[in-house]
Each structure stands twice: as structure tokens, then as C-alpha cells.
Amino acid sequence: MPATLTSEIKRVLEPVERISEFLFGLIMVLTLTCTFDARAANQGSVSPMLREALGCNVAWGIIDAFFFLLNCLGQRRHNAALLAQLRKTSDSIEARRIIANALPPLVASLLKPQESESLRGRLIRSPQSTVRPRLVREDWLGALGVFLLVFLSLFPIVIPFIFISNSLLALRISNGIALVLLFVAGYSFGRFTNGNPWRAGLVMVVFGVAIVALAIRLGG
């Protein structure tokens, strides 16, 4: 993938979003490999499992990308509706409520009344667009990033089945790789949230294993 496209995707997807999408794809393919009967398998039964895993991750990558686009469009139209409400109201208290609802809770709690009024004035004086809110290039790049993260999470898990003829050994190596990836995802989350990355990594391993076990138990 070109470096420019990769940097664009990194800008439109937040770190937690990237970690979440990768975990989503990883856990999904794990529910398939962990139900694979390696002891009774032969080389002919591995290929259907790989095709199923590939099809599953492609399908859910597309679905997840669609919901990402839906969220982007919905949020943009919601913001446009809030700005329209702000322009219509003459009640300063109502205006501050609208602004507070549009901001993150921490920022809204720190915003003083005069600062809210100043922000309100700048918003009202901003040029009023006649173009209906729509998806932009960054949204499509973000959707592509979502798809790729879900799709590419498949390969580290299934590569052992491609290159190792012993299905039981391939399964053990695949599960080992999955545990490492779960730990890396948790470690990255811990670093981003300024927590203990080692603890976050271990918690993510336990959480991932539990989610996979639950999905298998429920027939997923």
C-alpha cells in the first residue's frame, strides 16, 4: 500500500478505532480456527476452512466499513442539525445546552458561559452551507482502513495452515500467534490510554479468549 494512502488512513481512524477493528477481525477468524478439528483433519479439509475464514472476514470487513460510513454521514448531518438549531434559537441557555451536547463531556464541563457565548457567535457567523452533508474523501479512506484492518487480521492466523502440513501443529502455532496479537493489541491500547500496557496486554488476552469461547459456545 502506498505510504501516502497509509498515512491518510491513519489520520482518519483514531488509534482505538484501529485497535478495535483489528481485534474484531482477529476474534472472528479465531472462532473458526478454534472449532477446526485438527486431529481428524487432512489436507483436503484445511482448504474449506481457509475459504470460510477468508469469506467471513471479507464479508464482515465490507459490513463494518458500511457502518463506518453510515456513522460518518449520520454524525455530519447531526452536527448540521445542531447548527441549524443554534441559529434559530434566541435563548442563551438553550444555545449553551446545544453547544454542550455537541462537545465531549470533559470539554463541555470546563466551558465558561462567556466562552460558550463567544463560540456561539462564531458558529452563527460562520458561512451557511447550502450543500447537504455528504460523505467526503476522508470518510471513504476511513472505510477502506476499516475493511483492510478486518481483512488483514486474517492472515497471521491462517498462514500456519498454508505452510505446515501437520494440521495439529499448524493449529497450535496459529493459536500462539493469536495470543501474541491479542497481547500486542492490549499493550497498544494501554499505551494510548496512558495505562499499564503490560497489564492491558494480559487483560486483552484473557478477554479475547473469553469472547472467542463465548462465541463458540453460542454457535458463532
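Scroll up a little and you will see the structure.
Here goes a summary of the coordinates provided. Per chain, residue numbering runs from 1 following the sequence as it is written. Selection of residues for local features in this predicted model requires a pLDDT of at least 70, selection of side-chain atom pairs for listing and counting requires 80 or more, and totals for whole chains, interfaces and linings are taken over all residues. As a rule here, side-chain values cover all heavy atoms of the structure and leave hydrogens and water aside.

## Looking at a nonpolar patch on the surface
Then, in step 1: A residue counts toward a patch only above 30% relative accessible area and without a salt bridge, and it is joined to like-charged neighbours within 9 Å or, for Val, Leu, Ile, Met, Phe, Trp and Tyr, to nonpolar neighbours within 5 Å. Only the protein chains shown count as cover for residues, with accessible areas throughout obtained via the Shrake-Rupley method and a probe of 1.4 Å. Put simply, a salt bridge is a Lys or Arg side-chain nitrogen that is within 4 Å of an Asp or Glu carboxyl oxygen. Among the surface-exposed residues, Phe24, Trp60, Ile63, Phe66, Phe67 and Leu70 lie close enough to one another that they form a single nonpolar patch of about 570 Å² accessible area.
Then, in step 2: Working definition: helices are DSSP H or I runs of at least four residues, strands are E runs of at least two. Numbering for both runs from the N terminus. It is helix 3 (residues 43-88) that contributes the most residues to the nonpolar patch, five residues altogether.
Then, in step 3: Mapping Leu70 onto the fold places it in helix 3.
Then, in step 4: Each residue is assigned to one of three classes by its accessible area relative to the maximum for its type, calculated with a 1.4 Å probe on protein chains only: buried under 20%, partly exposed between the two thresholds, exposed over 50%. Owing to a relative accessible area of 46%, Leu70 belongs among the partly exposed residues under this scheme.

## Some thoughts on helix 9 (residues 167-192)
Then, in step 1: Helices are assigned an expected span. That span is 1.5 Å times one less than the residue count. The first and last C-alpha atoms of helix 9 sit 37 Å apart over 26 residues, in line with the 38 Å expected at 1.5 Å per residue.
Then, in step 2: For helix 9, the full list of buried residues reads Ser167, Ala170, Leu171, Ser174, Ala178, Leu181, Leu182, Ala185, Gly186 and Gly190.
Then, in step 3: Among the residues of helix 9, the N-terminal cap falls to Asn166, whose side-chain oxygen and the backbone nitrogen of Leu168 are separated by 3.1 Å.
Then, in step 4: Downstream of helix 9 by a residue or two, Asn194 has a phi angle that is positive, lying close to 65 degrees. Side-chain atoms alone can form a polar contact between residues adjacent in sequence; in general such a contact is a pair of N or O atoms within 3.5 Å, and within protein one must be able to donate a hydrogen while the other accepts it.

## Some details on the packing of helix 2 (residues 15-33) against helix 7 (residues 137-152)
Then, in step 1: Working convention: axes come from line fits to C-alpha atoms, limited for helices to the stretch in contact. Angles between N-to-C directions cover 0 to 180 degrees. Contact geometry for helix 2 and helix 7: axes closest at 7 Å, N-to-C directions at 35 degrees. Judged by the twist between their axes, the crossing of helix 2 over helix 7 is right-handed. In this structure, helix 2 contributes Arg18, Glu21, Phe22, Phe24, Gly25 and Met28 to the contact, and helix 7 contributes Val146, Leu149 and Val150.
Then, in step 2: We call Asp, Glu, Lys and Arg charged. Ala, Val, Leu, Ile, Met, Phe, Trp, Tyr, Cys and Pro are nonpolar, and the rest, Gly among them, are polar. A per-class count over the contact of helix 2 with helix 7 returns six nonpolar, one polar and two charged. By convention, the crossing between two helices is left-handed when the near helix turns anticlockwise from the far helix through less than a right angle, and right-handed when the turn is clockwise. Any pair of residues with heavy atoms lying within 4.5 Å of one another is described as a contacting pair.

## Re the packing of aromatic side chains
Then, in step 1: Here is the rule: rings of Phe, Tyr and Trp (six-membered ring for Trp) pair when centre to centre is within 6.5 Å. Planes less than 30 degrees apart are stacked, more than 60 are edge-to-face, and the remainder are tilted. Considering all chains together, one arrives at seven aromatic pairs under this definition.
Then, in step 2: Relative to Trp60, the ring of Phe24 lies with its centre 6.2 Å away and its plane at 80 degrees, an arrangement referred to as edge-to-face. Taken together, the residues Phe24 in helix 2 and Trp60 in helix 3 connect sequence positions 36 residues apart.
Then, in step 3: Geometrically, the ring pair formed by Phe183 and Tyr187 is tilted, given 6.1 Å between the ring centres and 35 degrees between the ring planes. Within this pair, Phe183 and its partner Tyr187 are both found in helix 9, separated by four residues, close to a single helical turn.
Then, in step 4: Phe183 sits in the partly exposed class, given a relative accessible area of 21%.
Then, in step 5: Classification of Tyr187 by relative accessible area gives partly exposed; the value is 25%.
Then, in step 6: Three or more aromatic residues link up through ring pairs in this structure, and these residues are Phe147, Phe151 and Phe155.

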